[in-house]
Amino acid sequence: MCSTSDEMKSVMNTIKEKFPEVKGSNTGYGSTIFAVKPGDGSAREQAASCQKVLGGWANIAKEYATKRYRSNLINWGMLPFVMDEDFSFDIDDYVFVPGVADAIKNKTEIIKAYVVNKDMKEINLKLGELTDDERDIILAGCLINYYKTN
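So, a few notes on the structure that sits alongside this text. Quick caveat, the model's predicted, so the values are computed rather than measured.

Analysis parameters
Residues numbered from 1 in each chain as written. Predicted model: local features only at pLDDT ≥ 70, side-chain atom pairs only at ≥ 80, totals over all residues. Heavy atoms only, no water. Salt bridge = Lys/Arg side-chain N within 4 Å of Asp/Glu carboxyl O. Helix = DSSP H or I, 4+ residues; strand = E, 2+ residues; numbered from the N terminus. Buried < 20%, exposed > 50% of the residue type's maximum accessible area, 1.4 Å probe, protein only. Axes fitted to C-alpha atoms, helices over the stretch in contact; angles between N-to-C directions. Parallel < 35°, antiparallel > 145°, perpendicular 65-115°, else oblique. Contact = heavy atoms within 4.5 Å. Nonpolar A, V, L, I, M, F, W, Y, C, P; charged D, E, K, R; others polar. Arc of directions from axis to C-beta. Pairing = 2+ DSSP bridges. 1 Å grid on protein atoms, 1.4 Å probe; cavity = no way out; pocket = protein on both sides within 12 Å on 5 of 7 lines; lining within 4 Å. Points joined across faces, edges and corners; volume = space filled by probe spheres on them.

What follows concerns the pattern of salt bridges. A side chain with one charge can pair with a side chain of the opposite charge if their charged atoms come near. Here the structure, examined in full by the defined rule, presents 4 salt bridges. We note a salt bridge from D84 to K126, for which the minimum N-O separation is 2.7 Å. Linking D84 in the loop between strand 3 (79–82) and strand 4 (94–96) with K126 in the loop between strand 6 (120–125) and helix 5 (132–140), this pair joins segments that are 42 residues apart in sequence. D84 sits in the exposed class, given a relative accessible area of 52%. Classification of K126 as partly exposed rests on a relative accessible area of 26%.

So, about the packing of helix 3 (residues 67–75) against helix 5. Any two packed helices are characterised by how steeply their axes cross, that is the angle between the axes, and by the distance between the axes. Packing of helix 3 against helix 5 leaves a shortest axis separation of 8 Å and a crossing angle of 45 degrees. By the angle between their directions, the pair helix 3 and helix 5 is classed as oblique. Where helix 3 abuts helix 5, its residues R70, I74 and N75 lie against E134, I137 and I138. For the contact of helix 3 with helix 5, the residue count by class is 3 nonpolar, 1 polar and 2 charged.

On to helix 5. Residues of helix 5 that are buried: E134, R135, I137 and I138. Projected down its long axis, helix 5 shows its buried positions confined to an angular sector of 160 degrees, all on one face. Buried residues along helix 5 sit in contact with helix 3, strand 3, helix 4 (100–105) and helix 6 (143–149). The positive-phi residue at the C-terminal boundary of helix 5 is G141, with phi of around 105 degrees.

A word on the sheet that holds strand 5 (residues 111–116). Taken in spatial order, the 3 strands line up as 4-5-6 in an open sheet, and their pairing is antiparallel. Unpaired on one side and paired on the other, strand 4 and strand 6 mark the two borders of the sheet. For this sheet, the mean inter-axis angle between neighbouring strands, taken without regard to orientation, is 35 degrees. Across 3 bridges, the pairing between strand 4 and strand 5 is antiparallel. Bridge pairing in strand 5 places V95 opposite V115.

Empty space within the largest pocket amounts to approximately 1,200 Å³. Counting only elements with at least two residues in the lining of the largest pocket, the list comes to helix 1 (4–18), strand 1 (31–35), strand 2 (56–61), strand 3, strand 4, helix 4 and helix 5. Take the lining of the largest pocket: its biggest share by element is 6 residues, from helix 1. In this model, the second largest pocket occupies a volume close to 160 Å³. If you go around the second largest pocket, the residues you meet are K107, T108, E109, K126, L127, G128, E129, L130 and R135.

Time to look at the sheet that holds strand 1. In sheet architecture, strand pairing relies on hydrogen bonds along the backbone and comes in two forms, parallel and antiparallel. The strand order across the open sheet formed by 3 strands is 1-2-3, and the pairing between neighbours is parallel. On the outer flanks of this sheet lie strand 1 and strand 3, each paired with one strand and no other. Taken over all neighbouring pairs, the strand axes of this sheet differ in orientation by 20 degrees on average, direction set aside. The pairing of strand 2 with strand 3 spans 4 bridges and is parallel. In the strand pairing of strand 3, N59 is matched with P80.

What follows is the structure, given as structure tokens:
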């Protein structure tokens, strides 16, 4: 079994083949949840906060069950990605989203991302309709940081 650092080295080497400028100092990593329709149930706020505490940076979904859950993700600074295409993720896949901050700032509709394992498969992600405030909240890292700077 390889160690986490060996696994990350392998992932970064695969990414560097296509994006040679990528390195640890200009790339962050966090966990991502994929679900067909997350956010249904009575613990929507707790679900988003617990995900963030456990290192969550994004959700990828076909759609969100409620606007409230999606808002909670944004308020915690997580990316509420939507994916139209069918894709079968494996547990040891990584999702690399180059230039995501610029895509948020520039209101890019379709964001190219890559599922990285032994190779890289391109996928299209969307953030859906985000208000300017929601974009600023995500870029600030969370709602509390947004209020501190405004």
